[in-house]
Amino acid sequence: MTEAPTAKPWISAIEAYVPGRAKAAAGVKLVKLSSNENPLGASPLAIEAMRAAVGSANRYPDGSSHVLREAIAAQHGIEADRIVCGTGSDEILQCIALAYAGPGDEVLYVRHGFMVYPIAAERAGATPVAAPDTDYTADVDALLAAVTERTKIVYLANPNNPTGTLIAQSEVERLHAGLPPHVLLVIDSAYAEYVEEPGYDDGTALARVHANVVMARTFSKIYGLAAERVGWAYGAPGVIDMVDRIRGPFNVTSAGQAGAVAALADQDWVAKCRAENTRNRAALVEAIEALGNKGLRAVPSAANFVLVTFPESGPCTAEAANAWLTERGFLTRWLPGQGLGHALRISIGSDDETQAVIAALRTFLS
Ligand code: PMP
């Protein structure tokens, strides 16, 4: 073969995103707790709507996700023309980086933050800059101290992935107030539906009134539609317009749009999923706390997963736990590449899955 054409240098420097592994060894039952999915699945109404939509698979979807945007707007009390839908919120996060940052610019995010942010920045040719966090939690002072005249975007996930930590609305407001107006604040609220803290806002309040705030949401988590790839953003018309210009023209499938509309209409299902998550998250945290004498700690989580830290050395490291659990079909997330080699992120599963992973951890540590 002749030599391949040369890609842009910042593209060839990118390491591909590696999602959680989905296969277990032959004969081992898989317990997938690695990608923060909804263990109960999508609402039965959403599944029915998606089945019906597949009948029109020969037709292109509505390229502007009109009905879905109207449904989101009604559900959230916001304007449909300030919403854009994406192939998952990943597409939107990427479009924002492409639209607002390029070579020579800096994109700021929180250390131990969502790994898509630096990847999105790199794809745009910009430089990702990680601000230190405090006890796995976004530190507004550290973020503001890291802003330079080259900063174009600040990505903040609240709750944060992979740590699960939440910062108060007053802290998000302080972050926004401290940013120069030319810096775009992206509030990523992928896990908003799981949050029970009073006073929490998903970013709507700031995005409603400020031209430099956009918030992103997804149907992949509590709505159980991860496979359908449906996300959305709400923000100032100018920002939404930029994302609209560079997103894929038919970026959300017909089944995805129909499923999301039906899922939004079934808030009873959402409430049930939230209650199960809260219960099983509490059970997992309680079990980890009881293993504190073995050096385990559960980082406080407002989401559908818990970051569990392990001893840095000895027989019970996170690396050893990861290998041991994986062999037995328990897939959790070990993230050494994100400075979390001493921790596992464990998604909250069903009742049975939660009890099973707790029992497995106890056996591993004994
Ligand atoms: N933001 C955060 C913080 C996430 O954890 C995820 C999913 N891992 C996403 C965005 C992207 O979700 P999706 O593309 O499935 O909508």
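To be clear, the structure that these remarks concern was listed above.
Quick caveat: nothing in here was measured; it's all calculated off a predicted structure.

Caption draft 1: Quick look at the sheet that holds strand β12 (residues 333–335). The 4 strands lie next to each other as β9-β10-β13-β12, forming an open sheet whose pairing is antiparallel. The open sheet has two free edges, formed respectively by β9 (297–298) and β12, since each of these has just one partner strand. Where β12 meets strand β13 (residues 340–347), 3 bridges bridge the pair, whose relative direction is antiparallel. Note that in β13 the partner of Leu335 across the bridge is Leu340.

Caption draft 2: Expanded view of the site of the ligand. Neighbouring the ligand are 13 residues, the closest being Gly88, Asp90, Asn161, Thr218 and Ser220. A total of 3 residues in the shell around the ligand trace back to one element, the largest contributor, which is helix α4 (residues 88–100). For the shell around the ligand, the residue count by class is 4 nonpolar, 7 polar and 2 charged.

Caption draft 3: How the structure looks around the nonpolar core. If you look at the biggest cluster of nonpolar residues, it comprises 105 residues, and the most contacted ones within it are Ile96, Ala97, Ile153 and Val186. Residues from two domains meet in this core; each of domain 1 (20–41 + 268–365) and domain 2 (44–265) gives at least three. The contacts of Ile153, once residues within four sequence positions are left out, are Ile96, Ala97, Tyr100, Ala101, Val107, Leu108, Val183, Leu184 and Val186.

Caption draft 4: Inspection of the environment of Ala142 at higher detail. Counting through the fold element by element, Ala142 comes out in helix α6 (residues 140–145). The partly exposed category is assigned to Ala142, around which 15 C-beta atoms lie within 10 Å. Along the chain, Ala142 and Val110 lie 32 residues apart, while their C-alpha atoms are 8.9 Å from each other. Those residues in contact with Ala142 that sit more than four places away from it in its chain are Ala131 and Pro132.

Reading the values: rules and limits
- Residues numbered from 1 in each chain as written.
- Predicted model: local features only at pLDDT ≥ 70, side-chain atom pairs only at ≥ 80, totals over all residues.
- Pairing = 2+ DSSP bridges.
- Helix = DSSP H or I, 4+ residues; strand = E, 2+ residues; numbered from the N terminus.
- Near = placed C-beta within 6 Å.
- Nonpolar A, V, L, I, M, F, W, Y, C, P; charged D, E, K, R; others polar.
- Core = buried A, V, L, I, M, F, W, Y, C linked by C-beta atoms within 7 Å.
- Buried ≥ 20, exposed ≤ 12 C-beta atoms within 10 Å, placed from the backbone.
- Domains from an automatic or database assignment.
- Contact = placed C-beta atoms within 7 Å.

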